[in-house]
Amino acid sequence: MTPTELLPAPPPRAVARRALIAGSAGNLVEWYEFGVYGCFATVIAANFFTPHPESHGGAAEALVATYASFALAFFFRPVGALVFGRIGDRLGRRPTLVLVIGLMTLATTLIGLLPTRADIGAAAPWLLTFLRVLQGLSAGGEFGGAVSLMVEYAPPGRRGLYGAWQSFTVALGLLAGAGTAAALAALLPAAALYDWGWRIPFLLALPLGTVALWLRTALQEPPDTPPAPPDGPPAVTGPTDLREQVRAVVLGIARIMGWSAAGYAFLVVLPSHLQTATGASFRDALLATTLVNLGFAAAILPAGALSDRIGRRPVMLAGALGVAVLAFPLLQLLQSPGASPQVRAAAVLAAGALVGLLAGPGPAMLAEMFPRRVRCTGLGLSYALANAVFSGCAGLFITALTARTADTAAPAHYAAGACVLSAAALSTLRGNDHREPLR
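I will try to describe carefully the structure that is included in this document.

Definitions and cut-offs
Residues numbered from 1 in each chain as written. Predicted model: local features only at pLDDT ≥ 70, side-chain atom pairs only at ≥ 80, totals over all residues. Heavy atoms only, no water. Helix = DSSP H or I, 4+ residues; strand = E, 2+ residues; numbered from the N terminus. Buried < 20%, exposed > 50% of the residue type's maximum accessible area, 1.4 Å probe, protein only. Contact = heavy atoms within 4.5 Å. Areas by Shrake-Rupley, 256 points an atom, 1.4 Å probe, with all protein chains shown as cover. Axes fitted to C-alpha atoms, helices over the stretch in contact; angles between N-to-C directions. Parallel < 35°, antiparallel > 145°, perpendicular 65-115°, else oblique. Nonpolar A, V, L, I, M, F, W, Y, C, P; charged D, E, K, R; others polar. Phe/Tyr/Trp six-rings, centres within 6.5 Å; stacked < 30°, edge-to-face > 60°. Core = buried A, V, L, I, M, F, W, Y, C linked by side-chain atoms within 4.5 Å. Salt bridge = Lys/Arg side-chain N within 4 Å of Asp/Glu carboxyl O.

Take the overall build of the protein chain next. Within the protein chain, the secondary structure is distributed over 20 helices and zero strands. Within the span of the protein chain, comprising 439 residues, buried residues form 52% of the whole. Pairs at least 24 residues apart make up 85% of the contacts formed inside the protein chain by residues separated by at least 6 positions. As displayed, the protein chain offers around 19,000 Å² of accessible surface, 70% of which is attributable to carbon and sulfur atoms.

Okay, here's the thing in structure tokens:
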């Protein structure tokens, strides 16, 4: 019997669509919940991390502590990827996806119910930090399980498009969190927002997460891998196999480090950098945030679909090399006092779209690097580690470089440098990987 004859039949289209909806809906809810915390950083700082609001410097110190709690959750993602990835590889995709959405929903809802520092004293920030760690673990486990499910259920020739929904729903979830925060800030007086209004988006996690949980519990497992040969399954714990898995994780990190670095530099750091380095107004920074995320979201699904036609390598290389070549001119346009608003808007949209070229095919590319028995763990760990290092450190690196050198092009240096290295790793992709059956 040939290897092709051993491959399982693809799932029906209706089943594949249900899997895509379940993975996408849960992923959107996860990232809405994860993003809400960042939008309410100053409110959370006032309620949980400010021991003496009237003291000089208390607010600034509290905001630093709030962002430290945010970063801590970021660095727990690799732990979540490893723990939940092993569950997904050993017990199935559905248990992982149910566990991570349940954990994120529980942690986020509890944040909305948590007593503040004024109520219970110093225990409040510690309890909040613990819940943030649970959120980080959940977010780390989400990527490997959701991408594995989407890609393994994808009809032939559509793995790139199905995997791209993971990146697309990240963008939608973050935009939904920002939109909810903006709506509450517009509808409620500042005193009410600080007193009780900030709890509303966290408590919305309960109904949203319940819907996602229901969708995921109704899932079937994706088609199984081919049966083992008569002489028994291959060993998966021997040193050679382990070395190959570690090598694949390292290569996966290298291939998406440009995505991680450019994504965080353009989508998160750039708006605040424009305020501090060039004196842009808060309104202009918010507009830049919206436009860059719209450009990012608009490019993701077309990039994933295009990679199904021409391959992951040319699309992702175009994104990485595009960032490397255009990062400096785009930033100069944004910082130029003579540039028109239309030109600046186009530059911001282009920056987001270049990241979308990396984020669209990226999930399917990672899934194709690992066999089913270690796919959840391998691709989840690659993604989480790349984000922890190259996204988690982006703000610190860019801020420190700008302060030390007074170079306002620091975001371009960071994004372009990472993308040059990433392009070298992406060039090792084989041209027909997107056409090969999953291992």
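Now that the structure is up, let's keep going.
What follows concerns the packing of helix α6 (residues 93–113) against helix α12 (residues 205–217). Where α6 contacts α12, the two axes come as close as 9 Å, and the packing angle between them is 170°. As far as their axial angle goes, α12 and α6 are roughly antiparallel. Contacts between α6 and α12 pair Arg94, Leu97, Val98, Val100, Ile101, Gly102, Thr105, Thr108 and Thr109 from the former with Ala205, Leu206, Gly209, Ala212, Leu213, Arg216 and Thr217 from the latter. Its residues placed into classes, the contact of α6 with α12 shows eight nonpolar, six polar and two charged.

On inspection of all chains with the given rule, the structure shows five aromatic pairs. Considering the side-chain rings of Phe48 and Trp198, the 5.7 Å spacing of their centres and the 85° angle between planes classify their relative orientation as edge-to-face. Residue Phe48 is located in helix α3 (residues 41–49), and its partner Trp198 is located in the loop between α10 (190–197) and α11 (199–203); the two are separated by 150 residues in the primary sequence. Judged by relative accessible area, which is 0%, Phe48 ranks as buried.

Right, let's talk about the nonpolar core for a bit. Judged by nonpolar contacts, the single largest core of 66 residues is most densely connected at Phe266, Val323 and Leu366. Judged by nonpolar contacts, the second largest core, of 27 residues, contains Tyr32, Ile44, Ala124 and Leu131.

Right, let's get into the pattern of salt bridges. With the rule as written, the count across this model stands at eight salt bridges. Between Arg93 and Glu152 there is a salt bridge, and its shortest N-O distance comes to 2.6 Å. Note that Arg93 is positioned in helix α6 and Glu152 in helix α8 (residues 123–153), a separation of 59 residues in sequence. When sorted by exposure, Arg93 lands in the same class as Glu152, which is buried. We note a salt bridge from Arg216 to Glu142, for which the minimum N-O separation is 2.7 Å. Note that Arg216 is positioned in helix α12 and Glu142 in helix α8, a separation of 74 residues in sequence. Looking at Arg216, the relative accessible area reads 0%, which means it is buried.

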